[in-house]
Every structure is written in structure tokens, then in C-alpha cells.
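For reference, the chains in residue letters:
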Amino acid sequence: MATRSREKTAKRRENADKRPRAIARYIRISSRKVKIVIDLIRGKSVKEAEAILRYTPKAATEPVLKLLNSAVANAENNLELNRDDLYVAEVYANQGPTLMRYRPRAHGRASRIRKRTSHITIVLDQQAK
């Protein structure tokens, strides 16, 4: 039985991060490959990050660009922030669950194939004027 649950909930909401964010889970690409792309946009303005992602020839740019647009939409619609004042404050990719598959090999053996997934998070913030 929880005690002081209303007070605890209020305190948790007070300390919660108020910055706009977007999270994509179970993306079917290795987090190692995603980290190469997200390192390019960390700390950049939204406009600049979008331009970088559009012209980077990597497979991970498509889900990251989609996630960036989602974070911007969250900022505009939920927190009424201006798109031009936003920049990428934090972006990180964590490893998700790995799908295990098997491939037949010689002499009746089987080798494991690991299909890796990742969880990507983008946190935006306003630039100080």
C-alpha cells in the first residue's frame, strides 16, 4: 500500500524535465550505426541538424530525421515553442533487445544471427537570446 502517493506524484512532476523530447523504441538498426549519425547533429540548431540529416548517406538518418521532426512537433504543439529557437540539447541511442535467428552451416551445425535494435532519444531546448 502506497503512502503519500499524491505528494510523491506532485514532487515527481515538479522535478520532471520540461524540455521537449521524442523517443523511438525498437528501431531495427544497430545502436552503434545510429551513434555515428547522431554525433553529427548533437548541439546543432534544428534547421542545421535537419540539413545535415537530409544529405548524410547513412541508413540511420531516416529514423533520426523522423524523430527530430517529431520532437519539433512536440515542442510547437505541446509547449508552444518557436521552431527557430530550438537546438538539439541531448541525443543518444541505447541498445534495444536483440532478435536471435539461426542460419544453417556445414556439417549440420547452426550459427546464430543477431538482429540488433536500438532506442533513440532526442531532447530539444531553447537557445538563449
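Residues numbered from 1 in each chain as written. Predicted model: local features only at pLDDT ≥ 70, side-chain atom pairs only at ≥ 80, totals over all residues. Heavy atoms only, no water.

As for the overall build of the protein chain
Check the secondary structure of the protein chain and you find 4 helices and 5 strands. Each helix and strand of the protein chain, ordered N terminal to C terminal, gives the series α-β-α-α-α-β-β-β-β. Scaling as 2.2 N^0.38, a compact globule of 129 residues should have a C-alpha radius of gyration of about 14 Å, whereas the protein chain reaches 19 Å, well beyond that. For the C-alpha atoms alone, the extent of the protein chain along its principal axes is close to 65 × 55 × 20 Å. (Helix = DSSP H or I, 4+ residues; strand = E, 2+ residues; numbered from the N terminus. Rg over C-alpha atoms; globule rule 2.2 N^0.38 Å.)

A closer look at helix 3 (residues 46–54)
All buried positions along helix 3 are accounted for by Val 46, Ala 49, Glu 50 and Leu 53. Projected down its long axis, helix 3 carries its buried residues within an arc of 100°, all on one side. Those residues of helix 3 that are buried lie in contact with helix 2 (31–41), helix 4 (61–78), strand 2 (86–95) and strand 5 (118–126). (Buried < 20%, exposed > 50% of the residue type's maximum accessible area, 1.4 Å probe, protein only. Arc of directions from axis to C-beta. Contact = heavy atoms within 4.5 Å.)

A closer look at the pairing of strand 3 (residues 99–104)
Sheet topology places strand 3 next to strand 4 (residues 110–115); 6 bridges connect them, and they run antiparallel. Within the sheet, the bridge partner assigned to Leu 99 lies in strand 4 and is Lys 115. Turn length for the strand 3-strand 4 hairpin, with the two strands adjacent in sequence and antiparallel, is 5 residues, and the turn residue His 107 shows positive phi of about 60°. (Pairing = 2+ DSSP bridges.)

Comments concerning the packing of helix 2 against helix 3
At their nearest, the axes of helix 2 and helix 3 sit 9 Å apart, and the two run at 140° to each other. Judged on the interaxial angle alone, helix 3 and helix 2 are oblique. Between helix 2 and helix 3 the crossing geometry is right-handed. Where helix 2 approaches helix 3, its residues Val 37, Leu 40 and Ile 41 are matched on the opposing element by Ala 49, Ile 52 and Leu 53. Looking at the contact of helix 2 with helix 3, its residues break down into 6 nonpolar, no polar and no charged. (Axes fitted to C-alpha atoms, helices over the stretch in contact; angles between N-to-C directions. Parallel < 35°, antiparallel > 145°, perpendicular 65-115°, else oblique. Left-handed = near helix turned anticlockwise from the far one by under 90°. Nonpolar A, V, L, I, M, F, W, Y, C, P; charged D, E, K, R; others polar.)

Section: the nonpolar core
Ranked by internal contacts, the top residues of the largest apolar core, which has 25 residues, are Val 34, Leu 53, Val 64, Leu 68, Val 88, Ile 122 and Leu 124. Listing elements by their share of this core, those giving two or more residues are strand 1 (21–27), helix 2, helix 3, helix 4, strand 2 and strand 5. Not counting the four nearest positions on each side in its chain, Leu 53 is found in contact with Val 37, Ile 41, Thr 61, Val 64, Leu 65 and Leu 68. (Core = buried A, V, L, I, M, F, W, Y, C linked by side-chain atoms within 4.5 Å.)

As for the pattern of salt bridges
For the coordinates displayed, the defined rule picks out 4 salt bridges. A salt bridge links Arg 19 to Glu 90; the nearest nitrogen and oxygen atoms lie 2.5 Å apart. Placement of Arg 19 in the loop between helix 1 (5–15) and strand 1 and of Glu 90 in strand 2 is noted, with a sequence separation of 71 residues between them. Between Glu 50 and Arg 54 there is a salt bridge, with its nearest N and O atoms 3.2 Å apart. Of the two residues, Glu 50 and Arg 54 are both situated in helix 3; the distance of 4 residues between them amounts to about one turn of the helix. Taken together, the shared-partner salt bridges connect Glu 50, Arg 54 and Arg 83 into one network. (Salt bridge = Lys/Arg side-chain N within 4 Å of Asp/Glu carboxyl O.)

Quick word on the confidence of the model for the protein chain
Predicted coordinates in areas of low pLDDT are best not read in detail. Confidence in the prediction for the protein chain averages 93 pLDDT; 98% of positions are at 70 or higher. Per-residue pLDDT, averaged within each element of the protein chain, yields its smallest value for helix 1 (84) and its largest for strand 4 (97). (pLDDT = per-residue confidence, 0-100.)

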